[in-house]
Amino acid sequence: MNIKGKTLLILILTSLWLPLAQAQTEVITAKYKYESRKECSSDSGTTFLTYHIRPDIMRLDFNGPSSNSSIIYQPASQKIWVLYRHEKVYYIMTAEDIKLLEDQIKTAGEEMIRSQQNMSDQDKKSMEVLWANGNPFELDEPVYVQVKKKDSLVSQLMCKRYDGQLKNGTVKRAYTNNLKSTGFKDDQLAILNSFCDFMGDGTRVLAGNMDFVSFRKWDIGAYPILVENRAGKVLCSSLLLQEIYHMNRKDEFFVIPNGFGVIDNPVGISH
């Protein structure tokens, strides 16, 4: 991890007002690299995820060949703002929207199971290669068990290792670190757990099934800095924390830019 402090002067955007709980200039920036391999999925490639974290508000940026978007989350408002930067549009989702989205995911998953009953064994195996458990809507996390035996990454990253097995045999592996050596405190990162709880299963659908809830704790006080999905000896996807540092940001960084139009959210029940 590259720990560094720097100040960035940003262009002040005239914008729609997003009420802020308090005016702070110091932001924690955490940069992740997500890679998906073609051996396991047709949706292969590299996407960069950047978290900009304040105790009262956070912004998550996605940047990749097919992704140029952001999510702003504010606990006090219990809302997220989803921005598509190329199209210059955004939509809003409340906790009620997220709950309804989760219900829709559950219904779609049940319908997928029914449709698979008439599939051949070969088609079912093909589905399992594309999606964990053979169902894109089955989003349950495996139960993680700590691996006591150290490997090279545990030693290099000064981490704990946790493995969880999915129904189709895929292993999800997480390397965790408490980040105390970086100087960051739990209360500075608490909004990440709040974001996880707010988003629930809906988060993976909105993010194209990328595991951007990687800050979910597997053990008390530790955060995953590397998450791997493995099918046998093949590494299907990985999410790596590349660097984390302090940066000064103005409040306008967390505000919808002027000129962005509002559109209906995927559920369509609130604005």
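Look up a bit, the structure's there.
All values derive from a computational prediction rather than experimental measurement.

A. Here's a closer look at the pairing of strand β7 (residues 89-94). With 6 of its 6 residues buried, β7 lies for the most part within the structure. Neither face of β7 is exposed, since V89, Y91 and M93 on one face and Y90, I92 and T94 on the opposite face are all buried. As paired elements, strand β6 (residues 79-84) and β7 share 6 bridges and run antiparallel to each other. By the bridge assignment, K79 is partnered in β7 with T94. Of the strand pairs in this sheet, β7 and strand β13 (residues 261-262) are connected by 2 bridges, and their pairing is parallel. The residue bridging V89 from the neighbouring strand is G261, located in β13.

B. Layout of unusual backbone geometry. You will see that Q78, though not glycine, has its phi angle at about 50 degrees, which is positive. Relative to the helices and strands, Q78 resides in the loop between β5 (67-74) and β6. Overall, Q78 belongs to the partly exposed group, its relative accessible area being 35%. Unlike most non-glycine residues, K88 shows phi in positive territory, near 55 degrees. Secondary-structure assignment places K88 in the loop between β6 and β7.

Procedures and definitions
- Residues numbered from 1 in each chain as written.
- Predicted model: local features only at pLDDT ≥ 70, side-chain atom pairs only at ≥ 80, totals over all residues.
- Heavy atoms only, no water.
- Buried < 20%, exposed > 50% of the residue type's maximum accessible area, 1.4 Å probe, protein only.
- Helix = DSSP H or I, 4+ residues; strand = E, 2+ residues; numbered from the N terminus.
- Pairing = 2+ DSSP bridges.

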